[in-house]
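# Structural overview
So you can see what is in the structure, the chains are spelled out below.
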Amino acid sequence: MSSTIRIQSIDKQFPARGGDPERMVLKAFDFRIRSGELVALVGPSGCGKSTLLNLIAGLDKPTRGAIMFDQPVDSINLSVVFQQPRLLDWLSVQENIGIVLSRHEPDPDRRRATVRTLLEQVELPEHAQAYPQFLSGGQRQRVSIARAFAVNPDVLLLDEPFSALDELTARRLRMLLQSLWLDETRRRPTGVLVTHNMLEAAFLADRVIVMGGTPVEIRAVIDVAIERPRHPDDPELFAIHRRLMEALQDG
Amino acid sequence: MNVKNLTLDSARPVTAATAVPIIRRLRGTWRRMAPQALFFAVLMAAWEIMAIQADSPLVPGSAAIAREFAGITLSGFAPAEIGITFVRMSLGFLLALAVALPIGILTAVSRFAERFFEPGIILGLTVPGLVWALLCVIWFGVSLASPVVAVALGVLPALIISVNQGVRSLAHELVEMQRVFRLPTHIVLRRIWLPVLYSFIISGCRIGFSIAWKVIVLVEIFGMSDGVGYQLNAQFSTQNVEGVIAWTLSFWAAMLLVEHGVFQPLERHANRWKKGGQA
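Residues numbered from 1 in each chain as written. Chains lettered and ligands numbered in written order. Predicted model: local features only at pLDDT ≥ 70, side-chain atom pairs only at ≥ 80, totals over all residues.

### Side note on the nonpolar core
Soluble globular proteins: nonpolar side chains tend toward being buried together. In terms of nonpolar packing, the biggest core is built from 69 residues, with A:Ala40, A:Leu41, A:Leu193, A:Ala201, A:Ala202, A:Ala205 and A:Val208 touching the most fellow members. Ranked by residues supplied to this core, first place goes to helix H4 (residues 137-150) of chain A with six residues. Listed in part, the 53 residues of the second largest apolar core include B:Ala100, B:Trp132, B:Val137 and B:Val244. (Core = buried A, V, L, I, M, F, W, Y, C linked by C-beta atoms within 7 Å. Buried ≥ 20, exposed ≤ 12 C-beta atoms within 10 Å, placed from the backbone. Helix = DSSP H or I, 4+ residues; strand = E, 2+ residues; numbered from the N terminus.)

### Quick look at the sheet that holds strand S1 (residues 5-14) of chain A
Residue and element names in this part refer to chain A. The strand order across the open sheet built from three strands is S2-S1-S4, with neighbouring strands paired in antiparallel fashion. The sheet is open, and its two borders are formed by strand S2 (23-33) and strand S4 (64-68), each paired with just one other strand. The average undirected angle you get between the axes of adjacent strands in this sheet is 20 degrees. As judged from the seven bridges shared by S1 and S2, these two strands associate in the antiparallel manner. (Pairing = 2+ DSSP bridges. Axes fitted to C-alpha atoms, helices over the stretch in contact; angles between N-to-C directions.)

### Concerning the interface of chain B and chain A
Much of the literature gives interface size as the accessible area that the parts lose upon coming together. Taken together, the contacts link 17 residues of chain B with 18 residues of chain A. Going through the elements one at a time, helix H7 (172-180) and helix H8 (185-223) of chain B are the ones with two or more residues in the side of chain B that touches chain A. Sort the elements by how many residues they give to the side of chain B that touches chain A and H7(B) lands first, with six residues. For the side of chain B that touches chain A, the class distribution of residues is 10 nonpolar, no polar and seven charged. (Contact = placed C-beta atoms within 7 Å. Nonpolar A, V, L, I, M, F, W, Y, C, P; charged D, E, K, R; others polar.)

### Observations regarding the packing of helix H3 (residues 77-109) of chain B against helix H9 (residues 228-237) of chain B
Residues and elements named next belong to chain B. Their axes nearest at 8 Å, the elements H3 and H9 cross at an angle of 130 degrees. If you check the angle between H3 and H9, you find them oblique. Contact with H3, carried on its side by Glu81, Ile82 and Thr85, involves Val228, Gly229 and Gln231 of H9 and no other residues of that element. A breakdown of the residues in the contact of H3 with H9 according to their chemical character gives two nonpolar, three polar and one charged. (Parallel < 35°, antiparallel > 145°, perpendicular 65-115°, else oblique.)

### Considering the sheet that holds strand S6 (residues 155-159) of chain A
Residue and element names in this part refer to chain A. Taken in spatial order, the six strands line up as S5-S6-S7-S3-S8-S9 in an open sheet, and their pairing is mixed. The sheet is open, and its two edges are formed by strand S5 (78-81) and strand S9 (217-223), each paired on a single side. Shown here is a sheet whose adjacent strand axes are inclined to one another by a mean of 20 degrees, direction ignored. Pairing analysis gives five bridges linking S6 to strand S7 (residues 190-194), with the strands arranged parallel. Bridging across to S7, valine 155 finds its partner in threonine 190.

### Looking at the pairing of S5(A)
Residues and elements named next belong to chain A. Both faces of S5 are covered, namely the face carrying Leu78 and Val80 and the face carrying Ser79 and Val81. As judged from the four bridges shared by S5 and S6, these two strands associate in the parallel manner. Counted as the bridge partner of serine 79 is leucine 156 from S6.

### Things to note about the environment of A:Pro215
All names here are of chain A. Mapped onto the fold, proline 215 is located in the loop between strand S8 (207-212) and S9. Looking at proline 215, the number of C-beta atoms within 10 Å reads 17, which means it is partly exposed. Taking the C-alpha atoms as reference points, proline 215 and methionine 198, separated by 17 residues in sequence, lie 22 Å from one another. Excluding anything up to four places from it in sequence, proline 215 contacts Met24, Val25, Leu26 and Lys27.

### Some thoughts on unusual backbone geometry
Residues and elements named next belong to chain A. A cis amide bond links threonine 214 with the next residue in sequence, proline 215, at an omega value of -10 degrees. Residues arginine 228 and proline 229 are joined by a peptide bond in cis, for which omega reads 0 degrees. You will see that asparagine 152, though not glycine, has its phi angle at about 50 degrees, which is positive. In this structure, asparagine 152 sits in the loop between H4 and S6.

### Quick notes on helix H4 (residues 111-126) of chain B
Residue and element names in this part refer to chain B. With 16 residues, H4 extends 23 Å from end C-alpha to end C-alpha; this agrees with the ideal 22 Å at 1.5 Å per step. At phenylalanine 117, H4 shows its largest bend, some 40 degrees, and a proline, proline 119, comes one to four positions later. Summarising burial for H4: zero of the 16 residues are buried, a small minority. (Expected span 1.5 Å × (residues − 1). Bend = angle between axes of the 7 residues up to and from the residue.)

### Re the environment of A:Trp90
Among the secondary structure elements, A:Trp90 is positioned in the loop between S5 and helix H2 (93-101). Between the C-alpha atoms of A:Trp90 and A:Pro132, which are 42 residues apart in sequence, the distance is 8.0 Å. Setting aside residues up to four positions removed in sequence, A:Trp90 forms contacts with B:Pro195 and B:Trp273.

### A short note on the packing of H8(B) against H9(B)
All names here are of chain B. Here H8 crosses H9 at 60 degrees, and the two axes come no closer than 7 Å. If you check the angle between H8 and H9, you find them oblique. For the element pair H8 and H9, the recorded crossing hand is right-handed. Across the interface between the two elements, Ile216, Val217, Leu218, Val219, Glu220 and Ile221 of H8 pack against Val228, Gly229, Tyr230, Leu232 and Asn233 of H9. Residues belonging to the contact of H8 with H9 are distributed by class as follows: eight nonpolar, two polar and one charged. (Left-handed = near helix turned anticlockwise from the far one by under 90°.)

What follows is the structure, given as structure tokens:
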């Protein structure tokens, strides 16, 4: 079951380090992400988007405040697609996906079947036995996406997932992500996407949060009311893109 | 005519397909072996010149050494003694590995443990193998414990450092990945830590084995009644230089076998996932 994410009066302060002064990135930050929606966070570099994502992922702790889900945090299935795929180089593609299933699916046959289905969905069935170093950057990120969906996540976090790829590959992977998101055979997670690409935000998200300032604050919330599946060349996306750029520049 | 052509056409590709890889493999083997063969030729030539120039029983010629080497090897005496030495080395080595794994991991993940064990590791690196050999013979006398403990003490610091570096090489990003997906501890240990440590342990074993050899010879000289070290000492007592060199050569040959038969295949296996790792 996907889960609402309630960010409640979060403070995040980083201590002074290496000559850098103490830095308050988030101050009394409040936000609510509805169950099953995909929210994109956009804003200038260093404004605190990735910090917020790390807090939701549990990789860091807030200085004050809390992040609440519908269920206790330990029972939430959480997945992340990182900017770099973060695959285990010594495991084959299918083992890289299978390893995250070890906690969820004790039956090895069903585990293998899940991995096979996902590899077909990300169009890599012939690379099941390959080691990651022998794949292209785009293929590696496909594996990372398959791994993220393998656990049937309640919450899916996407940390600039396509920013390290060339535009053509990134475009293909956005389409792939959309098709996985719309796949009716699995429950739809609650998603948070951090990106610098406004068109990507408009293409994938239900709502785009424009962030800025120090400590960070919400400058604008823009609803993307475009039917899915979306096409990356849809003129309406460019209209959203313009609004996002204006909101950023106003900030 | 047609039948003849068909036979020829079908036979030709089979011959070409089998001959080309054989020639290619022979060329590859020659390219690999040629520098090593050249090294042996240069070494033997230099030794022979030195022996002729010295004209002394203290510098025997290659033929005398070869005779001695063939004598101890073909009779099965050297393989048996080398076997004894290898068993002692391996036991000491396994003991060192069992201790090095937890300490190496601890020193990599805990600053306190790193500081706690640092003086001990430096002590281990600086104490000569001779000291461990003497102390162990004094403490344990003529028993299996002497060579095993001395080898373990001699090898331990190098192995701890290898394990420590292996754990540290595990990227922070991968640690975050395993935390996000909440991988069970046994999976993390078996599928992440162990493979990462594998290649570091193999390189540590290589260095450790060469250290172990230097320690075991000393223990066998001082406190054992068999093994390569004991035989070296026996040859030294009778001033049999051919014997000393022949025993050294036989152990060198055994180490080459271990290198090519054990360490290199293990290293290839550990690096099988790397681009060019099989090369």
